[in-house]
Amino acid sequence: TGLGPTTEEIPMRRMIVLAFLASPFFMACDGGVPVGEAEASINEADFLQKIWVIAHDSMMGRANPSPGLDMTAQWIADEFQRYGLEPGGDDGTFIQNYHIGEAAADFDASSAQVVGGSALEFGTDLNFMRTVAGGEVTGSVAILAGNLAAAQDLPTDQIAGKHIIIVPAETPQTGRRRVRLPAGLMEAGPSSVMFVDQSSDEDWDAAVERSRNQRQRITPWSDAGSGGLAMLNIRRSSLEPLLASHGIQLGRIISGAGGGSNLVDVPGLEITLNTVGQELDGFDMPNTVGILEGSDPELRNEFIVFSAHMDHVGVGRPNEAGDSIRNGADDDGSGTIAVVELAEAFSMLAEKPKRSMVFLAVSGEESGLWGSRVYAENPGVEGELVANLNADMISRNATDTIVVIGKEHSDLGETMNRVNAEHPELNLTAADDIWPEEAKLTVPDHRIAERLGMSVAISADVIVAGGECGNTAEVFRWDEKDWIHEDSLTAPDTQLGDDFGASLDIDSDRLVVGA
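Now for a look at the structure at hand.

So, how was this worked out
- Residues numbered from 1 in each chain as written.
- Predicted model: local features only at pLDDT ≥ 70, side-chain atom pairs only at ≥ 80, totals over all residues.
- Heavy atoms only, no water.
- Helix = DSSP H or I, 4+ residues; strand = E, 2+ residues; numbered from the N terminus.
- Buried < 20%, exposed > 50% of the residue type's maximum accessible area, 1.4 Å probe, protein only.
- Contact = heavy atoms within 4.5 Å.
- Phe/Tyr/Trp six-rings, centres within 6.5 Å; stacked < 30°, edge-to-face > 60°.
- Pairing = 2+ DSSP bridges.
- Axes fitted to C-alpha atoms, helices over the stretch in contact; angles between N-to-C directions.
- Nonpolar A, V, L, I, M, F, W, Y, C, P; charged D, E, K, R; others polar.
- Arc of directions from axis to C-beta.

As for the environment of Asn97
Mapped onto the secondary structure, Asn97 falls in strand β2 (residues 95–105). Owing to a relative accessible area of 43%, Asn97 belongs among the partly exposed residues under this scheme. For the pair Asn97 and Asn287, spaced 190 residues apart in sequence, the C-alpha to C-alpha distance is 6.3 Å. Asn97 has contacts with Asp90, Met285 and Pro286, leaving out every residue within four places of it along the chain.

Here it is, written out as structure tokens:
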């Protein structure tokens, strides 16, 4: 692999945030280090050197969680301490820790008992498509076969409370599954949904092993151990003799569907399904928080937050050069180092800004906006957070323009426009949102802004909700006015991302494709 980002990978230009150093909105400087000297501390060489530190291969892409992410958080904390900032983390430190729990499917404790008959074994006959502790439920069985897209207006009384076993017209192999659920199926209230699997023994065993290793992430605000609809795979070789013992031939149901779909009750067949999860230790995650107290006795209780996310996506598939490390120099090493550079520049001034400032590097953004929500709900300061300037992927804009999303949603936008106009020497235009059709402000991004009633943006036009890697997911796309439900599908691994040609952001209750 390469050693990290190169100068060519991070084309530099003076950042629009420098203009704030000269803004009366922030400053009351009568002596000490002049603005020009503070501004000069932000330069290309220093910026690149700091990028080199956190985006180096040794950080292994700063995944959530990872030693590289922890090292990055501590390095930023050391920088903040060197600048003389006050710690804003736990117990007088610069690190704000939060815990992410984990849960997994318990194959040994889970069971599927045919009422009055034998048992189906998890790992042998059944496999989890998603980690869910749905508890125990008894229901009759119905088979839905054929073209699932043609299965419209399914009768609720034939779905509600039943275990629905789905046999698509083209049953894919376990390793690469993308199956659309019929419209209205989930709303009808089945007891479980099982997809028939006819893969080889080798592929089945591999899929079971993936499911055993799959982890559900439990955030501080989610319901630990919450239940949900069981989504399972059932082997065709296990299902056919069971159906035959109740007078049903699976092949006839499939052929009876023709080009459409066929929904058939299995007389006398009831299954008591008990899906059990197990809670694991989980892991701790860091935010890094530094505070520069304001100089005005009244305004110092108002806090300006400069934020960026320091995490990235870790290690992935090797490229043509064999490099598998996703260094994250731009996303969001560039924004993170901008926050660090601003902390250094502002801390140099003898007379500090009137308002207090929070310099915040959050983790967990790529996994579900964890760290920003944790800080928004636990800022740890006595006063009011009045503005948040978030920097995300700022190093690859045009050399004379930067897009500032959200300017029109508060008077901070007016301030930015005025400062930008007063400093033509920056040769940098703070442009309005140039992608309004992507409706960036309709998607909840960094939770600080959301909790403050402000909007910030992510780059995504597809959301797949309700799916962890390997889970059933509901697909939504933006139609210029709202997010519209487009599809339901399942995918046991990152093939889902490959299908969309996009990256994945995954946590226990949402999956974002394309962010």
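Quick notes on the packing of aromatic side chains
On inspection of all chains with the given rule, the structure shows 9 aromatic pairs. Aromatic pair Phe122 and Phe128: ring centres 4.8 Å apart, planes at 25 degrees, arrangement stacked. The exposure classification of Phe122 matches that of Phe128, with both residues buried. Ring pairs connect the aromatic residues Phe80, Phe94, Phe306, Phe346 and Phe359, which therefore count as one cluster.

A few points about the pairing of strand β8 (residues 192–197)
Taking burial as the measure, the 6 residues of β8 include 6 buried ones, the bulk of the element. With burial as the criterion, each face of β8 is covered, one bearing Ser192, Met194 and Val196 and the other bearing Val193, Phe195 and Asp197. Two elements, strand β7 (residues 163–168) and β8, share 4 bridges in a ladder whose sense is parallel. Among the inter-strand pairings, Ile165 is bridged to a residue of β8, identified as Met194. Of the pairings in the sheet, the one linking β8 to strand β10 (residues 230–235) comprises 6 bridges and is parallel in character. The partner of Ser192 across the bridge, within β10, is Ala230.

Some remarks on the packing of helix α2 (residues 44–54) against helix α3 (residues 67–83)
α3 packs onto α2 with a crossing angle of 145 degrees between their chain directions and a minimal axis gap of 10 Å. Contact residues: α2 offers Lys50, Val53 and Ile54, while α3 offers Thr72, Trp75, Glu79 and Tyr83. Grouping the amino acids of the contact of α2 with α3 by side-chain chemistry returns 4 nonpolar, 1 polar and 2 charged.

A word on helix α5 (residues 236–244)
Regarding α5, the residues found buried are Ser238, Leu239, Leu242 and Leu243. One side of α5 carries all its buried residues, which in axial view fall inside an arc of 120 degrees.

Observations concerning the environment of Arg210
Positionally, Arg210 belongs in helix α4 (residues 201–213). Placed 82 residues apart in sequence, Arg210 and Phe128 show a C-alpha to C-alpha distance of 9.6 Å.

With respect to unusual backbone geometry
Where the residue is not glycine, phi is negative for most of them; where a peptide bond is considered, it is trans in most cases. In this model, Asn64 is joined to Pro65 through a cis peptide bond whose omega is -10 degrees. Positionally, Pro65 belongs in the loop between α2 and α3. The linkage connecting Asp331 with the following residue, Asp332, adopts the cis geometry, with an omega of -15 degrees. Within the secondary structure, Asp332 sits in helix α7 (residues 329–348). Not every positive phi belongs to a glycine, and Met393 is a case in point at roughly 55 degrees. Inspection of the secondary structure assignment puts Met393 in the loop between β15 (384–390) and β16 (401–403).

Fair warning: the whole summary comes from geometry, so function is off the table for now.
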